[in-house]
Each structure stands twice: as structure tokens, then as C-alpha cells.
Amino acid sequence: MTERSRAKERVRALVRAARRIADPNDELGREARPLLVASTGLSPEGVELALAECLETHPSEDDLERLASSVTPASRAHVVLSASVFVAAHRAIALGLASSVSVFVKPSRRDPAMSHLLARAAPGLFRIVDQLDASPSDVVFAYGSDEALGAVRSALPDGVRFEPHGTGMGICVLELPPDVPGAELDRLARAVTSDVVPFDQFGCLSPRAVLVVGSEVETERFATSLAAALAEAELRVPRGRIPEDVGVAAARYRDAMTVAASVLPAGAGCVGVARDGGIAVIPPPGRNIHVARVVDVGRTVEMLRRWVTVFGVAGSAALSGQLAELAPEARRVRPGFMQRPAFDGPVDRRHKRQAPGELRHQPY
Amino acid sequence: MDLLRESDALHARVQALARAWDRRIAAPESFDAIATDIVRHQMRYIPGVRRLIEASARASLAPDMIPAVPVDAFRLARIAAHPPELDVVRFRTSGTTSGAPGVHAMRTTETYRALCLAMGRRALFSAWDGPAVVVALAPAPGATPTSSLGFMMAAFMDEFDGRALGGEGVFDVNAPERWLFGDDGVHLAGLRRAARIASERNEPFVVLATGFALVALLDALDGATLGEEAPTRTVVMSTGGLKGRTRTIEPSELTRATARAFGVPEAHVVGEYGMTELASQLYEGTLPGGALRSARNVYVAPPWLEVTPVDPATLAPVALGDVGIARFVDLGNVDFPLAILTEDLVRRRGDGIELVGRRQGAPLRGCSLAIEEMALSPGPVAS
């Protein structure tokens, strides 16, 4: 058996563990649900949705091969997890297992449940640790904010390979021709909603803005349809607990957009609408989404690209090609599939980051 | 045009209020009376303000109840009662991480100038009679100023100095010998020369500076001082944070080092707090003999500006002595939203406001992004 085959076998063992957690008829699956609700803050329906639709339990052999080939073997692998998306622990640990037989997982303090559940379902496959203890020739897969990743990196000894996955988000780009049928707008709105709702938009695949290439009228029509779809989704999958500071930021976004443009209520969140063009702002998560008509999609995407993990694209091949050229590292899928990337490696393929723009000093 | 007639009348009332305060006579009318009429005016002519008030559960036209506009809104669109073609200046805010500025468009600068001068006189120019030599550690604003701070500094030079800096030439507010900081750093020789002129004239020497420029001055001095040239009646106005552009230095240390550099007591270094979104400023009242009195780091507002620390979540006023974010109601904002909500943390102390810091935006943890981090290009025209 080759090392690659052994690596894939370790990943398959982890997938089997995930399958037990996802299964509501498995004892562990039943136990997992309330634990995950308490740990994540998501509603019970939100946890169920994530387990059913976002936790990868049946990857293809091709995807497993790609996942295994996406990493470089290491003596030991360390996985430092963040709290944003609980199912992300599955893929992150899988990447660790693909690169080493010795895997150490440091869960998020705020959201440790999924890592512990996987460890219980696959005893001995990896170890849960409280502290990162990497040595030269180890690899560290780290997830979290750019600031947190910087802190992790600075504490590593020389010779450790560091694979950071930092701040990111999804963006939808829709080409809406004049007089696009209402049914088509509704279909697109439902698709975007199905990407917004999982994890209450706290994931790096969650769309936070929709850029509309089209007229003001179509922008407004789409925003209205999206607000209705989000409100309807709220009834099926209620939003969970939102940290107070995020709630404050959402209120500030809503008020700013009320003054500068317009806002539509959308369940527990809102849709900010900038139909006049030129406005691009990213609202805080918690099912708040910004719909902006853009005149120059290239310029807007150029400004956003360093944060974009995935594009949800509906439009011409030329548009998709333009996005591929502007942000080749970002995934591109149809709306409705942003939260379901193939199990073929890290969801976040960005490997080069631009430094934040230099601050200018001008007191007022 | 009703808009202009109403606006002009409101400007006149605000200026009258400032004039009365400047002359130390009774106010012609109350803060609330003017504020309520400005709100009515803005409800009529600023659709965004009307939408915000109508959307508020606490909707009321009372000045302490009207919803305040978050400063982020100004990075998203031009917000003003008047159309863009009537703009005489467009002051730009400092950029965010992405560099997107907000804009405060004015159709007249008369009220802004009058308010700056009335408050500046009390805070910086009231300790001694007569003219002063006024210079700035800032770039010259030019014919079309885009910095409200630069405009105010120029107004101070014009009002409290108004003469050529040496020789017998005519006063030129944009003369390079008055604006002593630029891309090439601090013009140390020019600053020494201006200080000598003030000493020779036996006049106060007033240096208007940003914190950033003062750090650059200290670096340029490299331990030396201006004590030989600067008169004992030197006042330094210090404003603005350092905003990540320079080496870190605590405000108290900056004050101490600045005072030492000019050879004056620390009380002669006077903090100013302002922002592009406001037409009014607050000052520390530390200058001995000055008309404004307060402790260090306690900023006093003029009577046409109300500052209320409010809870960031509920926006209700916090208990006396508690820290909240600053909510401003500025009568100088006749054509621009009257009530402004910032993320600056403040606490009421006596008759003033203590600056505590700046509230962090929405968390950046995990995959989240803060609105301030991501505010991009301002839109074209919206109202």
C-alpha cells in the first residue's frame, strides 16, 4: 500500500465518522445535535441543515484523490480550528490526515463540539490537544482571522510549514438582462438564500454581497425577491444566536444603508440595496446581504478579490471568464452551490494575500 | 427656492447663537428650538434622514430622540440637503483601510467658519490680548480645501494673525512659511523662523498641529528644542490620532514631549477634537488664563453642540460616568445630518467629555469582516 493510499484510507475513516454524526438515527448523531446547538449558537434547524447539506459524507474517489494530492506529506500535522463553521473541522482534519499519520487538533475554545465528536467517532485517528506544539518538518493548518493566524505563525519554530486560511467570504455576481422573468429572479433569489442561510452566514463561503450587472430596475426587483426568500427561509431555518457586537454592527449597517440607499427587512436580517451603482459595502454576518448594481464589475471585484473565497456566478461565459482572470484562486460555482464545494482540498484556495492598504493620515 | 431660504434662515440663527456666546451675552433662543427646526428642515430635504427617522421605533423630532446617522453612511453616498451644484466645498474624511473617504458637502462655509472661530478664540486665543503669530504643522489647504481641519487652521491664521509673516508683504493664507509640514516632513527652519518672529513681536505663538505632525517634529528635533526661539506665550493645538501611520506614542507622552520641545508648560498643549462630519469642535480647557477650563483629556463642547455617551446596542444614553459611544447633535450641521453617531468611546466628566478610545467594529474573527474594513468606493450622488 502506498503512502497516498494509506492517507486516503485515513480520510475515509474520518468520513465514516462524519457520516455517523450526520445520521439522525445513529446514537452519536442523536447525541451530537444538542451539543452542536449549544456549541455553535445555531438554531436546531440550522444545525440539521448543516449536517444534511454541508457536511461531506460521500466524497467521490476522484475528490479523495485530489484532496490527498493537495497536501504535502509531513512528519506530523497540526490543525488549529476556528469557530465560524462547525463542519469545517471535518475537512480541516481530513487535510491533516492526508498529510500525516500523526495529527493533532486544537479545537476552537468557543466551538469545540465537532472536533470532539469526530474524535469519539474515530478513536485513535487523531488527537485533541490544548496547545500547539509543532516541531521542524511538521505542518500546521490554521484557520481563523488574519490576526489570529499572525499570532499562530509568530509562535512557530523555524522549519514548520504553515498553511493559513484566513478571513474570507463569498460574493455573488449576477448578470440580469432587462425584463428578466420574475420566476427566474425568484429562482436565483432562492439559490442565493440557500447559500446565505447555512451557518447564519458566518462562513468563509457565505455570500455577503450580490453584485448585479444590470439595470436599477432589475437590481431592485432581485433585491425584493431575495428579501422575500430570506424571510421565507427564516420560517424554516430560524437564525440562531448572534453575538452582541455583530448585532450592533448589523444595526449600524442597516441605519447607514437606510440613510445612504435603502434597506429591505429579510427575516432576522436585512437586504441593503444600492441600485444607483457605485456602492459596495460588506455588511456583518447574520443573514445581512448587500445587493449592489455595479457598472464596472472588474473594478469592484479587483477591490474585493483578496477576501473572496468563492464566487456564486449566474451569467455569461464571458463574465465567468472575467472573474477567473481577476481572482483565479477563488472557486466559481452557480448560486446555490457555494456552501457545497467538492471535498477536494481546502475550500479556501487563496494562497497569496495582499497586504492591507496603507493607512493614510488625515485627521479630518 | 424654499430650500435655500429655509437653510439661510437656519444658518443665521445658528450664527446668532455663536455670536452671542462669543460676546458673552444672552442666547437669542434655545438649543432645542433651533435643533427642532433643523430636524424639520432635514426631514423635508434629506430623504435619507427622513427614512431613518421614520424607520426608528423611537421616532421623534426632539433633538435628544432623533436617530443619529452612523458615520459609515457618509462613506456610502453624498448626504446633504442641497444639490451638488450648490456645493462650495467638499470636505473629505480620512480614509478607512480601503481608503474610501466620506464627504461633508457645504453650500456655505460661513457658519462653519463662525463656529470654528468662536470656539477657537476661547480655547486657544483668550489667554492674552492682541494678535498672535499663527502657523500650522500641516499642508496648505490651497484654493479648494478638501480638509475641514485645513480650512479651520486657515481661518485661525486669517482671524487671529492676518499679517505677512515677516517683512511688509500682504497676508497670504496659503503662504508656504505658514504651512510647515508636507510630504517632505516638518519644515523645521520655517518653524524656528516663525517662532523668532513671534518673540521679536512679543506676541503669542500659536502652532496648529496634528498628532502625527508633532511626532514628526519630535523626530526632526531629535532631542533638540525650540526653547531658544519660541516665546513663553506659545500654545500648541494638537488634534487627531496617529492612525497607524507613525511610531506609537502615548497621548500623555506626546503632550509632555511637545511641551518640552517648545519650552512651555504642558498646559500650553491644548487638545482639540473634531471630525469632518461635524461643523463644531471640542477642546481641552488647559491653557492658563484661557476662557475654557477643564482637566487634561476632558473636552468641552460649545453650546451649539451636544455630546451624549450612548449604549452601542440600544443607543440610549448611558448612566452618568459610564462609557458609551459618542452621539453628537451639532447645530452647525444645517445642510448635513444634525445627529451623528460615531464609534468613539466617551464618558461625561463634569462639563466635558473624556475621550476613552475607539470602539472596535464588528469582529474580524473567523471569516467575518467589519463594515469599516470593507467600506469601498462612495457612491455617486444619493440624497
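Let me begin by describing the structure that accompanies this report. (Residues numbered from 1 in each chain as written. Chains lettered and ligands numbered in written order. Predicted model: local features only at pLDDT ≥ 70, side-chain atom pairs only at ≥ 80, totals over all residues.)

## Section: the overall build of chain B
Right, on to step 1. Across its full length, chain B holds 10 helices and 15 strands.
Right, on to step 2. Among the 383 residues that make up chain B, the fraction classed as buried is 52%. (Helix = DSSP H or I, 4+ residues; strand = E, 2+ residues; numbered from the N terminus. Buried ≥ 20, exposed ≤ 12 C-beta atoms within 10 Å, placed from the backbone.)

## Re the overall build of chain A
Right, on to step 1. Looking only at helices and strands, chain A has 12 helices and 12 strands in total.
Right, on to step 2. Its C-alpha atoms give chain A a radius of gyration of 21 Å, near enough to 21 Å, the size a compact globule of 364 residues would have.
Right, on to step 3. Oriented by its inertia axes, the alpha-carbon framework of chain A measures out at about 60 × 50 × 40 Å.
Right, on to step 4. In chain A, which comprises 364 residues, the share counted as buried stands at 55%.
Right, on to step 5. The long-range fraction of contacts in chain A, counting pairs at least 24 apart against all pairs at least 6 apart in sequence, stands at 71%. (Rg over C-alpha atoms; globule rule 2.2 N^0.38 Å. Contact = placed C-beta atoms within 7 Å.)

## Some words on the pairing of strand β7 (residues 207-214) of chain A
All names here are of chain A.
Right, on to step 1. Most of β7 sits inside the fold, with eight of its eight residues counted as buried.
Right, on to step 2. As judged from the seven bridges shared by strand β6 (residues 169-176) and β7, these two strands associate in the parallel manner. Following the sheet pairing, Gly170 is matched in β7 by Pro207.
Right, on to step 3. In this fold, β6 hands off to helix α8 (residues 182-196), which returns the chain to β7; that crossover is right-handed.
Right, on to step 4. Taken together, the four bridges between β7 and strand β10 (residues 288-293) define a ladder with parallel strand orientation. Looking across to β10, one finds that Ala209 is bridged to His290. (Pairing = 2+ DSSP bridges. Right-handed = clockwise from strand over helix to strand, strands pointing away.)

## Some remarks on the sheet that holds strand β1 (residues 77-80) of chain A
Residues and elements named next belong to chain A.
Right, on to step 1. Spatially, β3-β2-β1-β4-β5 is the arrangement adopted by the five strands of the open sheet, whose pairing is parallel. Single-partner strands in this sheet number two, and they are β3 (127-128) and β5 (161-165).
Right, on to step 2. Strand direction decides the pairing type here: strand β4 (residues 139-143) and β5, joined by five bridges, are parallel. When the sheet's bridge partners are listed, Ala142 is paired in β5 with Pro164.
Right, on to step 3. Together, β1, β2 (103-106) and β4 form the strand contacts of helix α5 (residues 88-99), whose direction differs from that of β4 by roughly 170°. (Axes fitted to C-alpha atoms, helices over the stretch in contact; angles between N-to-C directions.)

## Details of the packing of helix α1 (residues 2-22) of chain B against helix α5 (residues 110-124) of chain B
Residues and elements named next belong to chain B.
Right, on to step 1. Packing of α1 against α5 brings their axes to within 10 Å, and their N-to-C directions diverge by 15°. Here α1 is positioned roughly parallel relative to α5, judged by the angle of their axes. Note on packing geometry: the crossing formed by α1 with α5 is left-handed. Residues His11, Val14, Gln15, Ala18, Trp21 and Asp22 of α1 form the contact with α5, whose own contacting residues are Glu110, Thr111, Ala114, Leu115, Ala118 and Arg121.
Right, on to step 2. Taken together, the residues of the contact of α1 with α5 sort by class into six nonpolar, three polar and three charged. (Parallel < 35°, antiparallel > 145°, perpendicular 65-115°, else oblique. Left-handed = near helix turned anticlockwise from the far one by under 90°. Nonpolar A, V, L, I, M, F, W, Y, C, P; charged D, E, K, R; others polar.)

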